[in-house]
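One-letter residues, chain by chain:
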Amino acid sequence: MLPLSLLSAAQNKPMLVELKNGETFNGHLVNCDNFMNITLREVYQTSADGDRFWKLKECYIRGSTVTCAQIKYLRVPDTLLDSVKEEQARAREASRSARGAGPGSRGGPCLYFHALPRI
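Values in this document were obtained by computation on a predicted structure and should not be read as measured data.

Novice: What exactly am I supposed to notice about the pattern of salt bridges here?
Specialist: A pair can form between side chains of opposite charge whenever their charged atoms are brought close. Summed over the entire model, instances satisfying the criterion amount to two salt bridges. With its nearest N and O atoms 3.2 Å apart, the salt bridge here joins E42 to R41. Residue class for R41 comes out partly exposed when judged on its relative accessible area of 26%. A salt bridge links R96 to E93; the nearest nitrogen and oxygen atoms lie 3.8 Å apart. Placement of the pair is R96 and E93 together in helix α3 (residues 78-99), with a separation of three residues, close to one helical turn. Relative accessible area serves as the criterion here: at 45%, R96 is assigned to the partly exposed category.

Okay, structure coming up:
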């Protein structure tokens, strides 16, 4: 499953982001771009040791932090995972049927192939 398609489908859904340093951000996804920059609203941030909590109206997590170095995991609702998997399966099936539609395409018979007679 592609992370960006999952994040796009997760907009306005609850999400938990845990960084490798142990800090967590629990809120609703507002926006995500192609660089995996994430904006959350109504966020509860927890320190790495779990002793301190902050309530933030909005939080921005830079994609370079998420993708390369810091992110441990993202948690989204299970129902969202199921719907994205189904949507991707439908898209794959549609592309397969479109590719196999014409003569000579992979996966389908070549209608213009004729054996030459032996001389």
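Novice: I'm lost on unusual backbone geometry in this one. Help?
Specialist: One can expect most non-glycine residues to show negative phi and most peptide bonds to be in trans. The backbone of N12 sits at a positive phi, close to 70°, despite the residue not being glycine. The residue N12 is located in the loop between α1 (3-9) and β1 (14-19) in this model. The exposure class assigned to N12 is exposed, which follows from its relative accessible area of 52%.

Novice: What is the right way to read the pairing of strand β2 (residues 24-32) from this model?
Specialist: Successive residues of a regular strand alternate their side chains across the two faces of the sheet. As paired strands, β1 and β2 are joined by five bridges and run antiparallel to one another. Across the sheet, M15 pairs through a bridge with G27, a residue of β2. Where β1 folds back on β2, the antiparallel hairpin that results is connected by four residues, among which G22 adopts a positive phi of roughly 100°. Direction of pairing for β2 relative to strand β3 (residues 38-46): antiparallel, over a ladder of seven bridges. The residue of β3 that forms the bridge with N31 is T39.

Novice: Which parts of the structure should I look at to understand the nonpolar core?
Specialist: Most often, soluble globular proteins keep nonpolar side chains buried together rather than apart. Counting residues in each nonpolar core, the largest one holds 18 residues, and the members touching the most others are M15, V17, F25, L40 and I61. Contributions of two or more residues to this core are made by α1, β1, β2, β3, β4 (53-61) and α3.

Novice: What should I look at first to understand the environment of W54 in this one?
Specialist: For W54, the location among the structural elements is in strand β4. When neighbours within four sequence positions are excluded, W54 is seen to be in contact with V43, Y44, Q45, T46 and S47.

Parameters and conventions
- For every chain, the first residue of its written sequence is number 1, and the numbers climb from 1 along that sequence.
- Per-residue local features are limited, in this predicted model, to residues with pLDDT of at least 70; the limit for side-chain atom pairs, both in listing and counting, is 80 or more; totals at the level of whole chains, interfaces and linings are taken over all residues.
- Hydrogens and water are ignored here; the side-chain numbers use all heavy atoms of the structure.
- Note on definitions: salt bridges are taken to be side-chain nitrogens of Lys or Arg within 4 Å of carboxyl oxygens of Asp or Glu.
- A 1.4 Å probe rolled over the protein chains alone gives each residue an accessible area, and that area as a share of the maximum for its type sets the label: buried under 20%, exposed over 50%, partly exposed in between.
- Working definition: helices are DSSP H or I runs of at least four residues, strands are E runs of at least two. Numbering for both runs from the N terminus.
- Here, any two strands with at least 2 DSSP bridges between them count as paired.
- In plain words, nonpolar cores are sets of buried Ala, Val, Leu, Ile, Met, Phe, Trp, Tyr and Cys residues tied together by side-chain atoms within 4.5 Å.
- Only heavy atoms matter for contacts: two residues are in contact if any of them lie within 4.5 Å across the pair.

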